[in-house]
Amino acid sequence: MDIWEKLYLSAKPLYKPQEINDFVYANNVVCALESKSGKVYTGYCIEMACGTINLCAERVALLNMLQDSGEMEVKRMIAFRDAPPTGLDGLPCGTCRETLMEFSPKNADTEIMVNYEKRETTTLKEIFPNWWGTIKTNKK
Ligand SMILES: [Zn+2]
């Protein structure tokens, strides 16, 4: 089993789209990531009627990592619905890309699964170049 299979199998059981109650909908996208230290964290998306908690699976996994260990750097991540990513469907949304960069600019090197079967990946800096924070940090 390679690390990607380990990540995939860690997140897969979380996929079970459900209305938890009349106000909360969750589990229709899941994510697993490997932190810099090698720990695996998972998350599932959650949406609430009030709108204050509308979080993608990726951001929930990031929060689980931060709250469990204080880590901010991510080696690699995979996100999917009922099947592993086969292309662009595996890529994080703009808010998650921004969140990864704000967690740590070193996450520019985070490896992101694109096509699970082919083990084709990309990096955050490839899909999110010219991050504004880099410009800000370069200014003194
Ligand atoms: Zn997102």
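In this report, we go over the structure that sits alongside the text. Just so we're clear, the structure is a prediction, and the values are computed from it rather than from any experiment.

What counts, and at which threshold
- Residues numbered from 1 in each chain as written.
- Predicted model: local features only at pLDDT ≥ 70, side-chain atom pairs only at ≥ 80, totals over all residues.
- Heavy atoms only, no water.
- Helix = DSSP H or I, 4+ residues; strand = E, 2+ residues; numbered from the N terminus.
- Rg over C-alpha atoms; globule rule 2.2 N^0.38 Å.
- Contact = heavy atoms within 4.5 Å.
- Areas by Shrake-Rupley, 256 points an atom, 1.4 Å probe, with all protein chains shown as cover.
- Lys, Arg positive; Asp, Glu negative; His and termini not counted.
- Charge placed at Lys NZ, Arg CZ, Asp CG, Glu CD.
- Donors = N, O, S within 2.8 Å, 3.2 Å for Na, K, Ca; no water.
- Buried < 20%, exposed > 50% of the residue type's maximum accessible area, 1.4 Å probe, protein only.
- Polar contact = N/O pair within 3.5 Å; in protein donor to acceptor, adjacent residues only side chain to side chain.
- Salt bridge = Lys/Arg side-chain N within 4 Å of Asp/Glu carboxyl O.

### Some thoughts on the overall build of the chain
Regarding its fold elements, the chain presents 5 helices and 7 strands. Counting from the amino terminus, helix and strand elements in the chain follow one another as α-β-β-β-β-α-β-α-β-β-α-α. Against the 2.2 N^0.38 benchmark of 14 Å for 140 residues, the chain shows a C-alpha radius of gyration of 15 Å, consistent with a compact globule. Expressed as lengths along the three principal axes of its C-alpha atoms, the size of the chain is roughly 50 × 40 × 30 Å. A fraction of 55% describes how many contacts in the chain between residues 6 or more apart in sequence connect residues 24 or more apart. Entry remark: accessible area of the chain is about 7800 Å², with carbon and sulfur atoms responsible for 52%. One way to put it: in the chain the 17 positive side-chain charges average out to a point 6 Å from where the 19 negative ones average out.

### Comments concerning the coordination of the zinc ion
The zinc ion binds to the protein through Cys56 (SG), Cys93 (SG) and Cys96 (SG); the donor distances cover 2.2 to 2.3 Å. In terms of primary sequence, the donors binding the zinc ion are separated according to C-x36-C-x2-C. Of this pair, Cys56 sits in the loop between strand 4 (54-55) and helix 2 (57-69) while Cys93 sits in the loop between strand 5 (74-80) and helix 3 (94-103); the two residues are 37 residues apart in sequence, bridging distant segments of the chain. Its relative accessible area of 32% is what places Cys93 among the partly exposed residues.

### Digging into the side chain of Glu34
Its place among the elements puts Glu34 in strand 2 (residues 24-35). For Glu34, a relative accessible area of 7% gives the class buried. For Glu34, the side chain forms a polar contact with the side chain of Arg76, separated by 2.3 Å. In contact with Glu34, not counting residues within four places along its chain, are Ile3, Leu7, Lys39, Val74, Lys75 and Arg76.

### Looking at the pattern of salt bridges
Taken as a whole and judged by the stated rule, the model has 8 salt bridges. Lys36 serves as the salt-bridge partner of Glu73, at 3.9 Å between the closest nitrogen and oxygen. Placement of the pair is Glu73 in the loop between helix 2 and strand 5 and Lys36 in the loop between strand 2 and strand 3 (40-48), with a sequence separation of 37 residues.

### Some details on the environment of Asn107
Inspection of the secondary structure puts Asn107 in the loop between helix 3 and strand 6 (111-115). Accessibility expressed as a relative area gives 1% for Asn107, which makes it buried. Along the primary structure Asn107 and Leu124 are separated by 17 residues, whereas in three dimensions their C-alpha atoms are 7.0 Å apart. Setting aside chain neighbours within four positions, we find Asn107 in contact with Met72, Glu73, Val74, Leu100, Met101 and Leu124. Within the structure, Asn107 has its side chain in polar contact with the backbone oxygen of Leu100 (distance 3.0 Å).

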